[in-house]
Amino acid sequence: MTEFMTKDFLLDTDVAKELYHGFAEKLPIIDYHCHVSPKEIYEDLRAENITQLWLYGDHYKWRLMRSNGVSEDYITGKNTSDKDKFLKFAELLPKAIGNPMYHWCHFELKRYFGYEGVLNSDTAEEVWNITCEKLKEEDMSVRGIIKKSNVAFIGTTDDPADTLEYHKKLAEDESFTTVVAPSFRPDKAFSLNADFYAEYIKTLSDASGVTIDGIDSLKEALYRRMKHFDAYGCKASDHGINYPVYEKLSKAEMNSAIQRAIGGEKVSEKELQAVQTEMLLFCAERYSELGWVMQIHYNCMRNPNSAMFKKLGPDTGFDCIGPYNGSGALSRLLDEMYSGGKMPKLILYSLDAGDNAFIDTLMGAFQREGYPGTVQHGSAWWFNDTKNGMREQMTSLASLGLLGNFVGMLTDSRSFLSYTRHEYFRRILCQLIGQWVESGEYPYDIKALSEIVENISFYNAKRFFNLEV
């Protein structure tokens, strides 16, 4: 029987061990898409206890607690102590066999707190005390955690109206060497039927200095903000859409839709999709000019539980995988980008793992001459960043494309302890490649193998995002 999470965890062949320990393990991390706060990095936030790091805003853990029937008082409640919340989570963790959360938690306890035991209700008090003491140490602040995690680059997620004041302060702080760059996330500007739309457009107008009253002024406002982001080192955008869109209407019809939305009216689905299509194409063209990477995340169903949405609001752990088939719309969107010579470097992510083969074959139709991997199949995302999900994504990419050009892992996380997910990914990568070699499906060519592993772990992302790290 293999011991639990030893130094060779998941490395079940000699080749996998050689590739991980010899090449992948010590490479820096490029976390090109996450949701951590630049303000907290600049202010070097220090948590008082592990609940603040683990359970404040971690939707993955909240979902497990709800699945175990835990009262919402222990999840998002304000009147329950941090310790009691942690004890409730520790109580359920042994049930999470086969869930990546079990591995993530123990990786974090090992790497950041030196705890080699197993977390459960019997050890929870011990772990609470150990972690509280450890968090008092100088190198356990946010910056200390980033440094000890060997993070070279962090791409945060930022609204176009953001001032980016903390990115500016971080860039001027020579004592902190990790590059923290903004990423442009304009979803709110395209959300015509959202209750917040009118208020948001006023905010964007104020930030850009453009009075937004139609499609052209919306484009101008966003372009001005793109130039602001570019001045602070932005390397990428990110678009979170429920499903791919491709719809066409006249400029007059789109202007009318935007004006009515600003006035508080709901627009038709066709009008909404037409504005989103026009803006996605406009953004792609501008990103291409700026040299940014365009990321598109899709196939998420938001807030299916209307009662809990009314109670807690969005982004509280009630989303799920969307059942949308947007293959036709996405192919037409990429076709217009490519045909017009306006396609930027692009990463596609679907929350539905059933889209793996579609993405891998679609991107093969739109690669650019002279640049390896212009269009990428993004790392297994959200509900898919499990051991099986990562293997399935990489196996599909290897079968239908070129795995060696893959830009690798991201945390997509709000937690500063999540960098161990890169270790988890690298171990799974080395396990997968090692099994192919051991079974005779690929030769034992350590030069070629190490190059593949090092590129996927670090160097491909460095080149793709044009990073000086």
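Structure: above.
Description of the structure in this document.

Details of the environment of Glu 247
Examined against the element boundaries, Glu 247 turns out to sit in the loop between β5 (236–240) and α12 (251–262). Among the residues examined, Glu 247 registers a relative accessible area of 23% and is labelled partly exposed. Sequence separation between Glu 247 and Tyr 444 is 197 residues, and the spatial gap between their C-alpha atoms is 50 Å. For Glu 247, the residues in contact, after removing those within four places along its chain, are Lys 270, Gln 273, Ala 274 and Thr 277.

Brief notes about the sheet that holds strand β1 (residues 29–31)
Read from one edge to the other, the open sheet built from 3 strands follows the order β1-β2-β3, with strand pairing classed as parallel. The open sheet has two edge strands, β1 and β3 (179–181), and neither has a second partner. Geometrically, the sheet is characterised by an average inter-axis angle of 5° between neighbouring strands, direction not taken into account. Note that β1 and strand β2 (residues 151–155) share 3 bridges and pair parallel. In the sheet register, Ile 30 faces β2, and the bridge partner there is Phe 153.

Concerning the pattern of salt bridges
Here the structure, examined in full by the defined rule, presents 27 salt bridges. With a closest N to O distance of 3.6 Å, Lys 7 and Asp 8 form a salt bridge. With relative accessibility at 60%, the residue Lys 7 sits in the exposed group. Among the charged side chains, a network of salt bridges with common partners joins Glu 285, Arg 286, Glu 289 and Lys 342.

Cut-offs used in this document
Residues numbered from 1 in each chain as written. Predicted model: local features only at pLDDT ≥ 70, side-chain atom pairs only at ≥ 80, totals over all residues. Heavy atoms only, no water. Helix = DSSP H or I, 4+ residues; strand = E, 2+ residues; numbered from the N terminus. Buried < 20%, exposed > 50% of the residue type's maximum accessible area, 1.4 Å probe, protein only. Contact = heavy atoms within 4.5 Å. Pairing = 2+ DSSP bridges. Axes fitted to C-alpha atoms, helices over the stretch in contact; angles between N-to-C directions. Salt bridge = Lys/Arg side-chain N within 4 Å of Asp/Glu carboxyl O.

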